[in-house]
Amino acid sequence: LRRDFTRVGLDFVFMIPPYTLEQVIKFYLSIDIQIVYRIWDISDKNINLKDGLKIFNAGSFGIPTVSTPEPGYDEEYKGLYLEVNSPTELITKCLLLKHKTLYQDIAGEILSRSEIHHIDNIIPLYKELFNDA
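Read on for an overview of the structure. It should be emphasised that the depicted structure is a prediction, and the values quoted were computed from it without experimental measurement.

1. Section: the overall build of the chain
Step number 1: Counting its regular elements, the chain contains seven helices and three strands.
Step number 2: Each principal axis of the C-alpha atoms in the chain carries an extent, and together these give about 55 × 35 × 35 Å.
Step number 3: For the chain, buried positions account for 31% of its 133 residues.
Step number 4: Excluding contacts between residues fewer than 6 apart, the proportion of contacts in the chain whose partners are at least 24 apart in sequence is 59%.
Step number 5: For the chain, the exposed surface amounts to about 8900 Å²; the carbon and sulfur share of it is 56%.
Step number 6: In the chain, 14 positive and 19 negative side-chain charges are present, and the distance between their average locations comes to 9 Å.

2. Digging into the environment of Phe 130
Step number 1: Within the secondary structure, Phe 130 sits in helix α7 (residues 119–132).
Step number 2: The spatial distance from the C-alpha of Phe 130 to the C-alpha of Arg 2 is 49 Å, given a sequence separation of 128 residues.

3. Some details on helix α5 (residues 87–96)
Because an α-helix completes one turn every 3.6 residues, residues spaced three or four positions apart along the sequence face the same direction.
Step number 1: Along α5, the positions that sit buried rather than exposed are Leu 90, Ile 91, Lys 93 and Cys 94. On an axial view of α5, the arc spanned by its buried residues comes to 165 degrees, and they lie on one face.

4. Topic: the nonpolar core
Step number 1: Formed by 13 residues in total, the largest nonpolar core has its most connected members in Phe 5, Val 66, Leu 82, Leu 90, Cys 94 and Leu 97.
Step number 2: Contributions of two or more residues to this core are made by α5 and α6 (100–114).
Step number 3: Not counting chain neighbours up to four residues away, the residues in contact with Cys 94 comprise Phe 5, Leu 10, Ile 33, Ile 35 and Val 66.

Reading guide: rules and limits
Residues numbered from 1 in each chain as written. Predicted model: local features only at pLDDT ≥ 70, side-chain atom pairs only at ≥ 80, totals over all residues. Heavy atoms only, no water. Helix = DSSP H or I, 4+ residues; strand = E, 2+ residues; numbered from the N terminus. Buried < 20%, exposed > 50% of the residue type's maximum accessible area, 1.4 Å probe, protein only. Contact = heavy atoms within 4.5 Å. Areas by Shrake-Rupley, 256 points an atom, 1.4 Å probe, with all protein chains shown as cover. Lys, Arg positive; Asp, Glu negative; His and termini not counted. Charge placed at Lys NZ, Arg CZ, Asp CG, Glu CD. Arc of directions from axis to C-beta. Core = buried A, V, L, I, M, F, W, Y, C linked by side-chain atoms within 4.5 Å.

Here's what the structure looks like:
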């Protein structure tokens, strides 16, 4: 993938766990697009590997995601990430994000959606939960 991305003028960087919160933040601050590409039978829509946290995390930095379809992602973020089904499509969709308008539209929408989960919005819910107990 690194070679294919380089051929089309895109840098490909990745982070391998384990990592600290500070490393994750530094990583998100260094990238423009998050790629979540899994090699599995993507025709099997019953496989649910992940929830939308990965999309939310990148979105909270205003970073759009290009990913193989995940039912868990679609539950909350359908239409807010670019779906791909092959390595070729992965590169094509990343190149689409070079168009400033598309990038800004997706980045702005996912950032806005991520605000729902901001700590300032979650703390009152916990307080309410414990006050009712």
